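Coordinate inspection notes
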Amino acid sequence: MSAPRKLHIKSYGCQMNVYDAQRMVDTLAPEGFVETASIEDADLVILNTCHIREKASEKVFSELGRLRVAKDEAALRDRRMEIVVAGCVAQAEGEEIIRRAPMVDVVVGPQSYHNLPQLLARARTEGRALDTEFPVEDKFARLPQPSRQAIRARGISAFVTVQEGCDKFCTFCVVPYTRGAETSRPVARIVEDVTRLADNGVREVTLIGQNVNAYHGDGPDGRPWTLGRLLHRLAEIPGLARLRYSTSHPRDVEQSLLEAHRDIPAVMPFVHLPVQSGSDRILAAMNRKHTAADYRRVIDRFRTFRPDIAFSSDFIVGFPGETEDDFAATLALVAQIGYAGAYSFKYSPRAGTPAADMQEMVAPAAMDERLARLQDLIERQQHAFNRAAVGSTVDVLFERPARNDGQIVGRTPYLQPAHVMASEDIIGQVLPVTITRHERYSLFGTLPANAGAIPRQTRTPALTGA
Ligand code: SF4
């Protein structure tokens, strides 16, 4: 039997890329590849790129410069190192990568990575291979399932892609160009994937998609199902304790999703709902297709169905044409909603998007100053949210040993990391924790005296066997 070949995969960006990286590992496992943390040892290096990052392609080319050195050094040791560029930069700039980076063997877009074994074979015979098509076949149907060992190694929380692409065309965003039109996976396939994960010890699944609540996959009844309906079905899978989904668009929040939050205990009361700006003028320039008032109404509806729900969001500061009044509207919206956390970024143009041609750029100093004010407000809200947990008892799903000796860390329903002193036996269990103190981003607490002896929910299935 030949020795396994080693694969090093470096992934940037969103949860979808983390998931895609895992699926690339699964795709290459039957070809004899095993993961390595070291580039120097690798026979194959994959850069799984993200186009959302500022100066994304320049960063990829400088990373490729470093990889060329590693590839040359491997050649001096009589070893062949293959280099693959995958992900959204590969999709957007595939031809350019082939032209400028001769050390790259394969360029593959996010819709084609199930073809990696064939592309590598083609590169070995023809020198290079490029695949940035949007194939008509279902990529997911052609991907091999992860092995039981791979699922176990990835822990008790997993991502599952249910939807890809986006038809919204926000003027600042590359996703509709790099990931293509909205598509949804059939319900049966998702149920199959989640069942397999749950059978192998996964307790929490996050359904992911660029516009996940636009989900409309074919149901077993031959009709398109909504995300809410899908959540109802997945909640029936034994062993699964928690369901989450991300990322949602305010325009696609429909009744069955709200009902899922009301009716299914496993659906966590925490939603990431990007708004980007609180100014209607800027929202229109961004082509968000909703106003600030629409967004507030959506938040109110969630709160009606699930009063303990909390939100996080995304904000872009300094979008072209943003005035001080526009920015004040963003601060007002944040103050009114009250977030458990949020991501905020200075606007930077992405090549090929309509906003990249907009002329009224906000001065860098003004952007910096606005970002600092927004982040200060969000941080105070997050701090208040965490402080409010002190003295309460919350359910925590325990994930792994913490860096501090003897502590185990898990997540509350609101994704706050929560630490307790306990044995590793509690990993995989949902247990009540009395929160005694908090730090900037983390909670600390104690378990009831008998915790671990009497789990509140089904224990993780034994992680043994082939
Ligand atoms: S909805 Fe989200 S993914 Fe779609 S274009 Fe807008 S920002 Fe991009």
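Everything below is about the structure printed above this text.
Below is a short write-up of the structure. Just so we're clear, the structure is a prediction, and the values are computed from it rather than from any experiment.

Enumeration over the complete set of coordinates arrives at 31 salt bridges. Note that Arg-179 and Asp-20 form a salt bridge whose closest N and O atoms lie 2.9 Å from each other. Pair noted here: Arg-179 is in the loop between helix 7 (175-178) and strand 9 (183-184) and Asp-20 is in helix 1 (residues 15-28), with a separation of 159 residues, a long-range link. With respect to burial, Arg-179 and Asp-20 carry one shared label: buried.

Relative orientation of the contacting elements helix 1 and helix 4 (residues 116-126) amounts to 65 degrees, with a least axis distance of 9 Å. The angle between helix 1 and helix 4 falls in the class roughly perpendicular. On helix 4, the residues that touch Met-24, Thr-27 and Leu-28 of helix 1 are Leu-116, Pro-117 and Leu-120.

Once that is clear, we can look at the sheet that holds strand 14 (residues 341-346). With respect to topology, three strands assemble into an open sheet ordered 12-13-14, the strand pairing being parallel. Both outer strands of the open sheet, strand 12 (270-272) and strand 14, are each paired with one neighbouring strand and no more. Neighbour-to-neighbour, the strand axes of this sheet turn through a mean angle of 10 degrees, independent of strand direction. Two strands pair when backbone bridges link them, and strand 12 and strand 13 (residues 310-317) are joined in this way by three bridges, in the parallel orientation. Residue pairing for strand 13: Val-271 is matched across the bridge by Phe-311.

What follows deals with the environment of Gln-359. Looking at where Gln-359 falls in the secondary structure, it is placed in the loop between strand 14 and helix 14 (364-389). You can call Gln-359 exposed: its relative accessible area is 68%. For the pair Gln-359 and Lys-139, spaced 220 residues apart in sequence, the C-alpha separation works out to 39 Å. Side-chain polar atoms of Gln-359 contact the backbone oxygen of Asp-357, separated by 3.0 Å.

Most of strand 4 (residues 82-86) is tucked away: five of the five residues are buried. Side-chain alternation along strand 4 places Glu-82, Val-84 and Ala-86 on one buried face and Ile-83 and Val-85 on a second face that is also buried. Sheet topology places strand 3 (residues 44-49) next to strand 4; five bridges connect them, and they run parallel. From the neighbouring strand, Val-45 faces strand 4, where its bridge partner is Ile-83. Bridging between strand 4 and strand 5 (residues 106-108) involves three bridges; their strand directions are parallel. By the bridge assignment, Ala-86 is partnered in strand 5 with Val-108. On the question of chirality, the crossover connecting strand 4 to the parallel strand 5 by way of helix 3 (residues 87-100) is right-handed.

Turning next to unusual backbone geometry. Look at the link from Ser-246 to Thr-247: it is a cis peptide, with omega at 5 degrees. Within the chain, Asp-78 stands out as a residue other than glycine whose phi angle is a positive 65 degrees. Tracing the chain through its elements places Asp-78 in the loop between helix 2 (56-76) and strand 4. Although it is not a glycine, Lys-289 adopts a positive phi angle of roughly 65 degrees. Relative to the assigned elements, Lys-289 resides in the loop between helix 11 (280-285) and helix 12 (292-305). Judged by its relative accessible area of 38%, Lys-289 falls in the partly exposed class.

Procedures and definitions
- Residues numbered from 1 in each chain as written.
- Predicted model: local features only at pLDDT ≥ 70, side-chain atom pairs only at ≥ 80, totals over all residues.
- Heavy atoms only, no water.
- Salt bridge = Lys/Arg side-chain N within 4 Å of Asp/Glu carboxyl O.
- Helix = DSSP H or I, 4+ residues; strand = E, 2+ residues; numbered from the N terminus.
- Buried < 20%, exposed > 50% of the residue type's maximum accessible area, 1.4 Å probe, protein only.
- Axes fitted to C-alpha atoms, helices over the stretch in contact; angles between N-to-C directions.
- Parallel < 35°, antiparallel > 145°, perpendicular 65-115°, else oblique.
- Contact = heavy atoms within 4.5 Å.
- Pairing = 2+ DSSP bridges.
- Polar contact = N/O pair within 3.5 Å; in protein donor to acceptor, adjacent residues only side chain to side chain.
- Right-handed = clockwise from strand over helix to strand, strands pointing away.

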